[in-house]
Amino acid sequence: MSSTFQLRRDSFGKLVLTTLEGEEHVGVIPVRAFPIQAPTRGISLVREGGKEVAWIDDLAGVPEQVRTLIQEEIEGREFIPEILRIKDVSSFATPCTWFVTTDRGDTEFVLKVDEDIRRIGDTSLLIADNHGINFLVRDMFRIDKHSRKILDRFL
């Protein structure tokens, strides 16, 4: 838990974790155990070489300053836009271009093969484009009817 360590940024922008014993770990990286299904739970802080130096059960249980630093670091490293709406596809055969609205704005991407759509849990999908960028459909059953109809053609 965060009561066992302090977290700050150094002058180079790297995260520095200081243990209760005063040991400093410069350049720690937060890694989410379940980035899609539980993005705020199970976060490991690892140092160079991948060795874990701290564990956070739930971000809600840490001080706001620590939570903000961790969220900023994760957002700067992870780029998984969430698809809110599928406006159109160029074809129902792959490869095809998808025209979507995401939580980061409108975009388009090329789906190379049907296998680039992977189920994550019961309701989520991860869709990889031709450049390796992953797009998330958080709940395929709650997305609008038009988008669901398009998804059904690929699943």
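Look up: the structure comes first, before these words.
Residues numbered from 1 in each chain as written. Predicted model: local features only at pLDDT ≥ 70, side-chain atom pairs only at ≥ 80, totals over all residues. Heavy atoms only, no water.

Caption draft 1: Local environment of the sheet that holds strand β12 (residues 134-137). Read across the open sheet, the three strands follow the order β10-β11-β12; overall the sheet is antiparallel. In this open sheet, the two edge strands, each paired with only one partner strand, are β10 (117-120) and β12. The mean inter-strand angle of the sheet, taken between neighbouring strand axes irrespective of direction, is 25°. One ladder, built from four bridges, connects β10 with strand β11 (residues 124-128); its direction is antiparallel. Residue pairing in the sheet places Arg 118 in a bridge with Leu 126 of β11. (Pairing = 2+ DSSP bridges. Helix = DSSP H or I, 4+ residues; strand = E, 2+ residues; numbered from the N terminus. Axes fitted to C-alpha atoms, helices over the stretch in contact; angles between N-to-C directions.)

Caption draft 2: Up close: the sheet that holds strand β2 (residues 15-19). Pairing within the open sheet is antiparallel, and its three strands lie in the order β1-β2-β3. For this open sheet the edge positions go to β1 (5-9) and β3 (24-26), each flanked by a neighbour on one side alone. For this sheet, the mean angle separating the axes of adjacent strands, direction not counted, is 20°. Inspection of the sheet shows β2 paired to β3 by three bridges, in the antiparallel sense. Pairing of Thr 18 across the sheet is with Glu 24, part of β3.

Caption draft 3: A look at unusual backbone geometry. The omega torsion across Thr 94 and Pro 95 is 0°, close enough to zero to call that bond cis. Within the fold, Pro 95 resides in the loop between β7 (83-89) and β8 (96-102).

Caption draft 4: Inspection of the side chain of Glu 82 at higher detail. Along the chain, Glu 82 turns up in the loop between α1 (64-77) and β7. Side-chain polar atoms of Glu 82 contact the side chain of Arg 138, separated by 3.3 Å. Those residues in contact with Glu 82, other than ones at most four positions away along the chain, are Thr 101, Thr 102, Asp 103, Leu 136 and Arg 138. (Polar contact = N/O pair within 3.5 Å; in protein donor to acceptor, adjacent residues only side chain to side chain. Contact = heavy atoms within 4.5 Å.)

Caption draft 5: How the structure looks around the nonpolar core. In terms of nonpolar packing, the biggest core is built from 18 residues, with Ile 83, Ile 86, Trp 98, Ile 127, Val 137, Leu 151 and Phe 154 touching the most fellow members. Among residues more than four places away in sequence, those in contact with Leu 151 are Ile 86, Trp 98, Leu 125, Ile 127, Val 137, Met 140 and Ile 143. With 15 residues, the next largest nonpolar core counts Phe 5, Leu 15, Leu 45 and Val 66 among its residues. (Core = buried A, V, L, I, M, F, W, Y, C linked by side-chain atoms within 4.5 Å. Buried < 20%, exposed > 50% of the residue type's maximum accessible area, 1.4 Å probe, protein only.)

Caption draft 6: Main features of the pairing of strand β6 (residues 52-58). For strand β5 (residues 41-46) and β6, the ladder comprises five bridges, and the chain directions are antiparallel. Paired with Ser 44 across the two strands is Trp 55, which belongs to β6. Here β5 folds back onto β6 in antiparallel fashion, the turn holding five residues, of which Gly 49 has a positive phi close to 90°.

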